[in-house]
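Listed below, chain by chain, are the residues.
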Amino acid sequence: MSVGTEIMQACIVAISAVFTQNILLAYFLGLCPFIGVSREIKAAFGLGLAVIFVLTCTVLLNWIAYHYVLVPLHLEFFRFILFIIIIAAFVQFVEMVIERYSPFLYQQLGVFLPLITVNCAILGAALFMVIRDYSFIVTIGWGLGSGTGWFLAIMAMAGIRQRLAHDRIPRGLQGPGVTLIIAGLMSLAFIGFAGVLQGQ
Amino acid sequence: MIVSTLIAVLVVSSIGAALAALLALSESYIANYGECRITINDERELTVQGGKDLLSMLTAEKIFIPSACGGRATCGLCKLKVLEGAGPILPTEEPYLDEKERASNVRLSCQVKVKGDLRISIPQELFAIREYRARCTRIVDLTHDIKLFRLELAEPGTMDYVPGQYVQLLAPKYEKNSEEVYRAYSIASDPAQRDVIELIIRLVPGGICTTYCFEYLKEGDEVRMNGPYGEFHLSDTDAPMVFIAGGSGMAPIRCILHHMKNTNSRRKAVYFFGANEVREMFMMDEMHRFESELPDFRFVPVIAKSDASEAWDGETGLVTDAVQRGLQNASEYEAYLCGSPGMIDASIKVLLDLGVKDTGIFYDKFA
Amino acid sequence: MKQSPNDAHLDAVLRSSALVAGGFMGDDPRRVMEVVDADAGALFGLGVTTAQVAQRLKEITERATRGLGTWVEIDEQYEAMVDEARGLLPCPWPHEGYYPKRVTTLKVVASGRTFRWSDLNIHMIEAHGFFEGKGSAFRIEPAEIVGILF
């Protein structure tokens, strides 16, 4: 495929990753920090940005590791372990660099980085990249798109929860209960986007 | 089959090992700050290993900066001017620095991380502060919620202080308290006895240090404190003085009265001591002794409401009302106040109304 | 369930005795946000807002302060007294602000029952809806205090 077509496809993949195939609302990946951190918009914003950054970078690193190490050696079945090692090392490295060179960024985002390592959306994005056999350029679009999709979902949830903060919710449903109900309703709404893109 | 298994294991292990090595290397390079020079007041220089916060570096070099929270950015006492090398203000510092302070490079030294060379400015008074170890030799109940603690200094063995100053007492970890904190208490003892510090402490509900002092500290225990701190002290003039202090606020006044006796001061003084009920009065004997030992000292206890059951023929009502009634020629007087901001504000108002000059009003506000 | 790091840190600060002996949570096993939610529900049922509660508490503290540590009569059935200790307490929430260690004790003359709050409590109720955890020495039960204040 020519570079132009690849970039086109990257854009389509990105848009679909945000709306029609939102990694959180359609595939239910990354639910744990989603429920835990979506109480305030400020925290959700910080975590969402961190997820976009980490997801995009690690999915690209994983692409390189998969196609240049695992595939030539026929070790594709090791991808789960390898991807996790790469994600963990990357997050560790980023935290170190941020702490040294930007104390401000560290205060805002640094606290979320350990939370992201075990966010299954990050691993999930890398595995989808393998299953769907994306090229490098398309993977860029995929990484940015799914990160942004996750960001969008958690920001929307935070906004809704902040509105609900002073409302009276039945005792048993307070917290995670009502959040899951809201997430379900959001997923239903996002299904409305199906068919927006041709062939998706 | 075995070979391919071995290769597989080898490949993944070596990738893992390579990443771990990369991280370890980065850590020693990125997170290592090397040696940093801290220049104090443009005269003294310290060379330290970078990476920790400024406050702990200075404390390790025996320079004591006031701090009550142990570096967790919850007390705001450790302010210092960092002229160069501090980096941007952190969110944890922001609540404690106002416009003027930010403009003059004031920072919270417990939050400033030493990553390179720094130039800082420390006020001269802080150099006189030392950490002391002492033994609690006597605990006296003064009222139902006030006790006197007699602490004999062990190391260093003596403390030089100006009457009116305070120390920061360390409350160690105990059952309900998981952190060490420092709390300030005025020195109440006779300054001539340089090896003894007495503190008058009132139990505060929920108070970390007072709970320790009242429920855990026993005679014979060792305590730690640092000091002396504070700007509250007698002036150099001969003007007559009015003291207004209630409860544990008596501490610095008692210290000052001892000092007056020691120096044969002939200054006229009157002390208005306010309390809720008769049972909250204490050290009456000592105050009466001062009345006879000092040339011109009058002690005026004021009870808010006297119960019919207790015989009381002294002043009643609010202490500020008693001052209003009892102070003649107020404009000549200097005022020394120690107590809660509420009491001090009310007293200042009354004193100004009576004609006391506002430059002659000194106070040790609890806050 | 995961908490945001800020919430987890807040929980830790409130439970530790870094600011007050015994912390702010007493022996309440719930998380701070659950406590706030539950008390908000109670207030909603009573038809009162946190702003109104804080306002009344401030009024009583104001009047009692004029007594300079003595009991002051409030509205015939109550008496209040203010005690102040040296020092300032920062709010456990991460924002600007110090509060004097001023404790107001409100006594119901008829029964002798007392309620107690500090300036920091007033702020935490007003800004964060936090009445402290069950078992804490300074916890105010919304249901009880609303009956007294209004």
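The present account deals with the structure reproduced in this document. Everything quoted here is computed from the prediction, not taken from an experiment.

**Brief notes about the state of the cysteines**
Scanning the entire structure with this criterion turns up zero disulfides over all chains. Cys11 of chain A forms no disulfide, and the closest cysteine sulfur to it belongs to Cys57 of chain A, at a distance of 19 Å. Free of any disulfide, Cys36 of chain B has its nearest neighbouring cysteine sulfur in Cys110 of chain B, separated by 18 Å.

**Observations regarding empty space enclosed by the protein**
This structure, assessed with the given rule, holds one cavity of 30 Å³ or more. Space inside the largest cavity adds up to approximately 40 Å³. Surrounding the largest cavity, Arg202, Val204 and Pro205 of chain B together with Asp83, Glu84, Ala85, Lys101 and Val103 of chain C form its lining. Among the elements of the structure, strand 2 (78-90) and strand 3 (98-108) of chain C are those that each provide at least two residues to the lining of the largest cavity. Sort the elements by how many residues they give to the lining of the largest cavity and strand 2 of chain C lands first, with three residues.

**Focus: the interface of chain C and chain B**
Each side of the interface is counted separately: chain C has 29 residues, and chain B has 39 residues. Carbon and sulfur atoms make up 56% of the area that chain C and chain B hide from each other, which totals about 2,600 Å². Area buried by chain C at its contact with chain B is led by Leu68, Glu84 and Arg86 of chain C, which between them contribute 28% of it. The interface formed by chain C and chain B holds one salt bridge in total. In this structure, the salt-bridge partner of Asp83 of chain C is Arg202 of chain B, at a minimum N-O distance of 3.8 Å. Within the residue set of the side of chain C that touches chain B, elements represented by two or more residues are strand 2 and strand 3 of chain C. If one sorts the elements of the side of chain C that touches chain B by residue count, strand 2 of chain C sits on top with eight residues. Of the residues contributing to the side of chain C that touches chain B, the split by class is 12 nonpolar, 10 polar and seven charged.

**Some details on the sheet that holds strand 2 (residues 44-49) of chain B**
Residues and elements named next belong to chain B. Pairing in this open sheet of five strands is mixed, and the strands run 2-1-5-3-4 from one edge to the other. What marks the edges here is a single partner per strand, and that holds for strand 2 and strand 4 (106-108). Each adjacent strand pair in this sheet contributes to an overall mean axis angle of 40°, direction not counted. One ladder, built from six bridges, connects strand 1 (residues 35-40) with strand 2; its direction is antiparallel. Considered in strand 2, the bridge of Arg37 is made with Thr47.

**Notes on helix 4 (residues 208-215) of chain B**
Residue and element names in this part refer to chain B. Buried residues dominate helix 4, accounting for seven of its eight residues. Buried within helix 4 we find Ile208, Cys209, Thr210, Thr211, Tyr212, Cys213 and Phe214. The inward-facing, buried residues of helix 4 contact strand 7 (146-155), strand 8 (166-171), strand 9 (181-186), strand 10 (196-202) and strand 11 (222-229).

**Describing the pattern of salt bridges**
All names here are of chain B. Counted according to the given criterion, the structure contains 33 salt bridges over all chains. Arg254 is the partner of Glu198 in a salt bridge, and the nearest nitrogen-oxygen pair spans 2.9 Å. Within this pair, whereas Glu198 is found in strand 10, its partner Arg254 is found in helix 5 (residues 250-262), the two being separated by 56 residues in sequence. For the pair shown, Glu198 and Arg254 are each scored as buried. One connected set of salt bridges, linked through shared partners, spans Arg150, Glu152, Glu198, Arg254 and Glu286.

**Structural notes on the packing of aromatic side chains**
Counted by the stated rule, this structure contains 24 aromatic pairs over all chains. Residues Phe190 of chain A and Phe193 of chain A carry aromatic rings whose centres are separated by 5.3 Å and whose planes lie at 75° to one another, so their mutual orientation is edge-to-face. Residue Phe190 of chain A is classed as buried on the basis of its relative accessible area, which comes to 17%. Pairing Phe243 of chain B with Tyr271 of chain B gives two aromatic rings, centres 6.3 Å apart and planes at 90°, and the pair type is edge-to-face. Placement of Phe243 of chain B in strand 12 (residues 241-245) and of Tyr271 of chain B in strand 13 (residues 269-275) is noted, with a sequence separation of 28 residues between them. With respect to class, Phe243 of chain B is no different from Tyr271 of chain B; both count as buried. Members of the aromatic cluster, each reached through a chain of ring pairs, are Phe232, Phe243, Tyr271, Phe273, Phe282, Phe299, Tyr336 and Phe362 of chain B. The positively charged end of Arg132 of chain A is found above the aromatic ring belonging to Trp142 of chain A, 5.0 Å away from the centroid. Against the face of Phe138 of chain C rests Arg116 of chain C, its NZ or CZ located 4.5 Å from the ring centre.

**Observations regarding the environment of Leu47 of chain A**
Residue and element names in this part refer to chain A. With respect to the secondary-structure elements, Leu47 resides in helix 3 (residues 41-70). Accessibility expressed as a relative area gives 1% for Leu47, which makes it buried. For the pair Leu47 and Phe78, spaced 31 residues apart in the sequence, the C-alpha separation amounts to 29 Å. For Leu47, the contacting residues outside a window of four places in its chain are Pro33, Val37, Phe112, Leu115, Ile116, Trp150 and Ile154.

**Regarding the pairing of strand 3 of chain C**
Successive side chains on a regular strand alternate, one facing one side of the sheet and the next facing the other. Residues and elements named next belong to chain C. Burial analysis of strand 3 places eight of its 11 residues in the buried class, the great majority of the element. One ladder, built from five bridges, connects strand 3 with strand 4 (residues 114-118); its direction is antiparallel. Looking at strand 4, one finds that Val103 is bridged to Ser118. Joining the antiparallel neighbours strand 3 and strand 4 is a turn of five residues, in which Gly112 adopts a positive phi near 80°.

**Notes on the interface of chain C and chain A**
Often the size quoted for an interface is simply the accessible area lost on bringing the parts together. Listed per partner, the contact involves 13 residues of chain C and 15 residues of chain A. With both chains or domains summed, chain C and chain A bury close to 1,300 Å², and 63% of this area falls on carbon and sulfur atoms. Where chain C meets chain A, there are one salt bridge. Here chain C and chain A share one residue pair in polar contact (both at pLDDT 80 or more) between them. Of all the secondary-structure elements, those providing two or more residues to the side of chain C that touches chain A are helix 1 (5-15) and helix 2 (32-46) of chain C. Here the side of chain C that touches chain A takes five residues from helix 2 of chain C, the largest share from any one element. Of the residues assigned to the side of chain C that touches chain A, the class counts are five nonpolar, four polar and four charged.

Here is what the cut-offs are and how they apply
Residues numbered from 1 in each chain as written. Chains lettered and ligands numbered in written order. Predicted model: local features only at pLDDT ≥ 70, side-chain atom pairs only at ≥ 80, totals over all residues. Heavy atoms only, no water. Disulfide = S-S within 2.5 Å. 1 Å grid on protein atoms, 1.4 Å probe; cavity = no way out; pocket = protein on both sides within 12 Å on 5 of 7 lines; lining within 4 Å. Points joined across faces, edges and corners; volume = space filled by probe spheres on them. Helix = DSSP H or I, 4+ residues; strand = E, 2+ residues; numbered from the N terminus. Contact = heavy atoms within 4.5 Å. Buried area = accessible area lost by both parts, 1.4 Å probe. Salt bridge = Lys/Arg side-chain N within 4 Å of Asp/Glu carboxyl O. Nonpolar A, V, L, I, M, F, W, Y, C, P; charged D, E, K, R; others polar. Pairing = 2+ DSSP bridges. Axes fitted to C-alpha atoms, helices over the stretch in contact; angles between N-to-C directions. Buried < 20%, exposed > 50% of the residue type's maximum accessible area, 1.4 Å probe, protein only. Phe/Tyr/Trp six-rings, centres within 6.5 Å; stacked < 30°, edge-to-face > 60°. Lys NZ or Arg CZ within 6 Å of the ring centre and 35° of its normal. Polar contact = N/O pair within 3.5 Å; in protein donor to acceptor, adjacent residues only side chain to side chain.

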